[in-house]
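What follows is the residue order along each chain.
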Amino acid sequence: MELKICHLYPDVLNLYGDGGNIICMKRRLQWRGIDAAVTKMPIGSTQSLAGFDLVFIGGGQDFEQEVLLPDLRREKTQELISAIEDGLPVLAICGGYQMLGQYYKTWDGVQCDFTGALNLYTVGSKQ
């Protein structure tokens, strides 16, 4: 058995050592006799989410989230929404979780619109 994992935006969403999360997942799966194939999907990738068993999205600060917004707003938003509606599991950390929501508003009022795949939003504070 092989679990196919999509690592979305590993090039910019790695605030908490999320590459280590992937290594840990692979190792824990291996202990259970399950192989894991990880496909990195960086900014600019046009690969479909079809065929994956899990999507992993790491954490990132406001700057990194803004950097990937143009790419996310292309076909990836609809791809994520469709995949989630079809039951594809997503493990999202911090900013990755925010990206699945409708928007993130920074402490100073700047709003970053995201996928809206989940009915949630985040509002930052100065504290």
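As the structure is a prediction and not an experimental result, all values here were calculated from the model.

Caption draft 1: Up close: unusual backbone geometry. Even without glycine at this site, Y9 takes up a positive phi of about 55°. Inspection of the secondary structure puts Y9 in the loop between β1 (2–8) and α1 (18–31). Looking at Y9, the relative accessible area reads 0%, which means it is buried. Its identity is not glycine, yet C94 carries a phi of approximately 50°, on the positive side. Among the secondary structure elements, C94 is positioned in the loop between β4 (90–92) and α3 (95–99).

Caption draft 2: Representation of the pattern of salt bridges within the structure. What the rule picks out here adds up to two salt bridges. R74 is the salt-bridge partner of D71, the closest N and O atoms lying 3.2 Å from each other. With a gap of three residues between them, D71 and R74 both fall in helix α2 (residues 62–85), about one helical turn apart. Among the residues examined, R74 registers a relative accessible area of 49% and is labelled partly exposed.

Caption draft 3: Looking closely at the nonpolar core. One finds Y9, L49, I57, L72 and M99 to be the most contacted residues of the largest nonpolar core, which totals 22 residues. Those elements that place two or more of their residues in this core are β1, β3 (54–57) and α2. Here this core gets five residues from one element, more than from any other, and that element is α2. If near-sequence neighbours (up to four positions away) are discounted, M99 is found in contact with Y9, L13, I57, L68, L72, F114 and T115. With seven residues, the next largest nonpolar core counts I22, M25, L29 and F56 among its residues.

Caption draft 4: Inspection of the side chain of H7 at higher detail. Assignment of secondary structure puts H7 in strand β1. When sequence neighbours within four positions are dropped, the list of residues in contact with H7 reads I22, V38, T39, K40, M41 and F56.

Caption draft 5: Focus on the sheet that holds strand β6 (residues 111–113). Across the sheet, which stays open at both edges, the three strands sit in the order β6-β5-β7 with mixed pairing between neighbours. Whereas interior strands pair on both sides, the edge strands pair on one side only; in this sheet they are β6 and β7 (122–123). Against the sheet, α2 makes contact with β5 (103–105) and β6, and its axis sits at roughly 35° relative to β6, the strand it touches most.

Caption draft 6: Expanded view of the pairing of β3. Side-chain alternation along β3 places L54 and F56 on one buried face and V55 and I57 on a second face that is also buried. Sheet analysis places β1 next to β3, joined by four bridges and oriented parallel. Looking across to β3, one finds that L8 is bridged to I57. Here β3 runs beside β4; their pairing, made up of three bridges, is parallel. Within β4, the residue paired with F56 across the bridge is L91. Once you follow β3 into α2 and on to β4, the crossover reads as right-handed.

So, how was this worked out
Residues numbered from 1 in each chain as written. Predicted model: local features only at pLDDT ≥ 70, side-chain atom pairs only at ≥ 80, totals over all residues. Heavy atoms only, no water. Helix = DSSP H or I, 4+ residues; strand = E, 2+ residues; numbered from the N terminus. Buried < 20%, exposed > 50% of the residue type's maximum accessible area, 1.4 Å probe, protein only. Salt bridge = Lys/Arg side-chain N within 4 Å of Asp/Glu carboxyl O. Core = buried A, V, L, I, M, F, W, Y, C linked by side-chain atoms within 4.5 Å. Contact = heavy atoms within 4.5 Å. Pairing = 2+ DSSP bridges. Axes fitted to C-alpha atoms, helices over the stretch in contact; angles between N-to-C directions. Right-handed = clockwise from strand over helix to strand, strands pointing away.

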